[in-house]
Amino acid sequence: MKWKNKGHEFDELMERKLRIYSEGWGIYLFGAGIFGKQAYEQLAEFPFKIKGFIDNDISKQGTEYCGLPIISLNQYWQERECSIIVVTVAKKNAAGILYEFGKRQFECGRDYFIWQDFLDRVAPVLLVYQYNKLHVPLAQICVTERCSLKCKKCAHGCYATASSHEDLSISEVMHSADSFFTRIDYIKVFVLIGGEPLLYKELEQAVAYIGEHYRKQIGLFEITTNGTIMPSDELLHVCKKYNVLILISNYGGTIPRLKEKYEMLISKLEEQGVSYYLGSESDTWMDYGFEYVDRKAEEEQLIGVFDACATPCKEVRGSRLYSCVMARSVSENLGYNVGENDYLDLDRLEGSNWKKELLEFTFGYSEKGYLDMCNHCHGADAKNHPIPAAEQL
Ligand code: SF4
Ligand code: SF4
């Protein structure tokens, strides 16, 4: 999206739709079940007041769940002043509930919200407007473009990176972390990635620095690895200390020799008490088409491509915040060298509205409304271009 009213893009929404959020407002979660509990736990990171649960099950009404009262929809109807409903039930059960809401003329986006939409689109806006807190879902620091594998269709174009390619210096990594974490209040997932991040010589220092200074601002702190390199004891020590999750991409289907490596890595991680997650074996990737797509498109079409793509993969690099790590890295690694200015300079955020501008950028707003690399990318259509996963050159 192209900025039309920078720093004020959500003003009207707040004014028109969210009047209800006056002092003392709170949330009722619809569904006192497993999804309700998960939502309740996730909302713990926000300063919102959860007033209770609503459930149609008569046997639950009048009891408590997660230490909060469970009431009926009728009771809510009597006491609904200053409250909204967030529907957390499974999709198959939602239709009946929405029908009930319709009968009471509850409006979606004003009186009630569906959980995921509330979490992704509403809560971050409310947090900035009401509490001056900026929560973002995901960002990463790409510490190196070098990799121990050469996947033909690497979405970062790392196969084209020479082994002598210069990594980010540790001071650049620290500067990236400082620039980012001094401006946001909380991030759900923060990832150190590559290339292969375990090739990065100062990874232990990077984890220790971010862990020591900013761990409280991070929900999940992760390192994504292809599992080919055994981490040092020192690195694992800091990963354990700062509760870093080692996320192992699973290419065992295409590269069977990696299965043994995964086993050895997992055994070491277990021995050292470090959390890990081995991804599921996938034999198909999406082809973004970076090597051959050339849309030669006009502005309007490119804005459409960018908006439809809605990639969550933000990258912090020094004081620059990129909205698509793939666009930045592919442009450099495959020598397109376009879109050099397609980032938000965190150091240049100033004035009373900078937090709202940053919020808007995380929602996809920018001066141009697209990235130059969108010209060379299938974007959302990449899912219609399946390719074998991790095929090696
Ligand atoms: S392992 Fe990952 S970073 Fe390395 S070449 Fe393959 S896709 Fe790219
Ligand atoms: S369409 Fe643009 S934003 Fe989306 S992945 Fe491609 S280059 Fe990145």
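Residues numbered from 1 in each chain as written. Chains lettered and ligands numbered in written order. Predicted model: local features only at pLDDT ≥ 70, side-chain atom pairs only at ≥ 80, totals over all residues. Heavy atoms only, no water.

1. So, the site of ligand 2
Contacts to ligand 2 come from Val305, Phe306, Cys309, Thr311, Cys324, Met326, Ala327, Leu371, Met373, Cys374, Cys377 and Gly379. Broken down by secondary-structure element, the contributors of at least two residues to the shell around ligand 2 are α10 (299-309) and α11 (325-333). Top element by residues in the shell around ligand 2 is α10. It accounts for three residues. Taken together, the residues that form the shell around ligand 2 break down as 10 nonpolar, two polar and no charged. (Near = heavy atom within 4 Å. Helix = DSSP H or I, 4+ residues; strand = E, 2+ residues; numbered from the N terminus. Nonpolar A, V, L, I, M, F, W, Y, C, P; charged D, E, K, R; others polar.)

2. Digging into helix α2 (residues 34-43)
Of the positions making up α2, those classed as buried are Gly36, Ala39 and Leu43. Projected onto a plane normal to the axis of α2, the buried residues spread over an arc of 65° and lie on a single side. Of the surrounding secondary structure, the elements contacted by the buried residues of α2 are β1 (26-30), β2 (50-54) and α5 (115-131). (Buried < 20%, exposed > 50% of the residue type's maximum accessible area, 1.4 Å probe, protein only. Arc of directions from axis to C-beta. Contact = heavy atoms within 4.5 Å.)

3. Regarding the side chain of Thr228
Its place among the elements puts Thr228 in the loop between β9 (218-225) and α8 (233-241). In this structure the side chain of Thr228 is engaged in a polar contact, spanning 2.6 Å, whose partner is the side chain of Ser148. What Thr228 contacts, discounting residues up to four positions off in sequence, is Ser148, Leu149, Leu258 and Lys261. (Polar contact = N/O pair within 3.5 Å; in protein donor to acceptor, adjacent residues only side chain to side chain.)

4. Here we look at the site of ligand 1
Near ligand 1, the surroundings consist of Cys147, Leu149, Cys151, Cys154, Gly195, Asn226, Tyr251 and Trp285. A class-by-class count of the residues in the shell around ligand 1 yields six nonpolar, two polar and no charged.

5. Points about the environment of Lys201
Inspection of the secondary structure puts Lys201 in the loop between β8 (186-193) and α7 (203-214). A relative accessible area of 74% places Lys201 in the exposed class. Considered as a pair, Lys201 and Glu212 are 11 residues apart in the sequence and their alpha carbons are 19 Å apart.

6. Remarks on the domain arrangement of the chain
Segmenting the chain into domains produces domain 1 (11-131) and domain 2 (135-388). Listed as interface residues are 11 residues of domain 1 and, on the opposing side, seven residues of domain 2. Of the roughly 880 Å² buried at the junction of domain 1 and domain 2 (both faces included), carbon and sulfur atoms supply 68%. Counting the surface domain 1 buries against domain 2, the share from its top three residues, Glu45, Val128 and Tyr129, is 50%. Taken together, domain 1 and domain 2 are joined by zero salt bridges. At the boundary of domain 1 and domain 2, one finds one residue pair in polar contact (both at pLDDT 80 or more). The greatest single-element share of the side of domain 1 that touches domain 2, amounting to eight residues, is contributed by α5. Across the side of domain 1 that touches domain 2, the residue classes tally to seven nonpolar, one polar and three charged. (Domains from an automatic or database assignment. Buried area = accessible area lost by both parts, 1.4 Å probe. Salt bridge = Lys/Arg side-chain N within 4 Å of Asp/Glu carboxyl O.)

7. Observations regarding unusual backbone geometry
Of note in this structure, Gln105 is not a glycine but carries a positive phi near 60°. For Gln105, the location among the structural elements is in the loop between α4 (91-103) and β6 (112-114). Located in the positive-phi region is Ala310, a residue other than glycine, with phi close to 45°. With respect to the helices, strands and loops of the structure, Ala310 is situated in the loop between α10 and β13 (314-317).

8. Remarks on the side chain of Asp167
If you trace the backbone, Asp167 turns up in the loop between β7 (135-142) and α6 (170-181). Side chain to side chain, Asp167 and Thr144 meet in a polar contact 2.6 Å long. Side-chain polar atoms of Asp167 contact the side chain of Arg146, separated by 2.7 Å. The residues touching Asp167, leaving out its near neighbours within four places in the chain, are Val143, Thr144, Glu145, Arg146, Glu172 and Tyr200.

9. Looking at the sheet that holds strand β14 (residues 320-322)
Strand order in the open sheet made by the eight strands is β11-β10-β9-β8-β7-β13-β14-β15, with mixed pairing throughout. Of all strands in the sheet, those with a lone pairing partner are β11 (276-278) and β15 (344-345), marking the two edges. Lying on the sheet, α7 is in contact with β7, β8, β9 and β10 (244-248); it crosses β9 at an angle near 175°. Packed on one face of the sheet, helix α12 (residues 354-362) meets β7, β13, β14 and β15 and runs near 35° to β14. (Pairing = 2+ DSSP bridges. Axes fitted to C-alpha atoms, helices over the stretch in contact; angles between N-to-C directions.)

10. Focus on the packing of aromatic side chains
Applying the stated criterion to the full structure yields 24 aromatic pairs. With a centroid separation of 5.9 Å and 20° between ring planes, the pair formed by Phe180 and Phe190 is classed as stacked. Here Phe180, found in helix α6, pairs with Phe190, found in strand β8; they are 10 residues apart in sequence, far enough to count as distant. For the pair Phe180 and Phe190, a shared accessibility class is recorded, and that class is buried. Pairwise contacts between aromatic rings join Tyr28, Phe30, Tyr76, Trp77, Phe101, Phe106 and Tyr112 into one cluster. When the ring centre of Trp3 is taken as reference, the NZ or CZ atom of Lys6 above it lies at 4.7 Å. Taking the ring centre of Tyr129 as reference, the NZ or CZ of Lys356 above it sits at 4.2 Å. (Phe/Tyr/Trp six-rings, centres within 6.5 Å; stacked < 30°, edge-to-face > 60°. Lys NZ or Arg CZ within 6 Å of the ring centre and 35° of its normal.)

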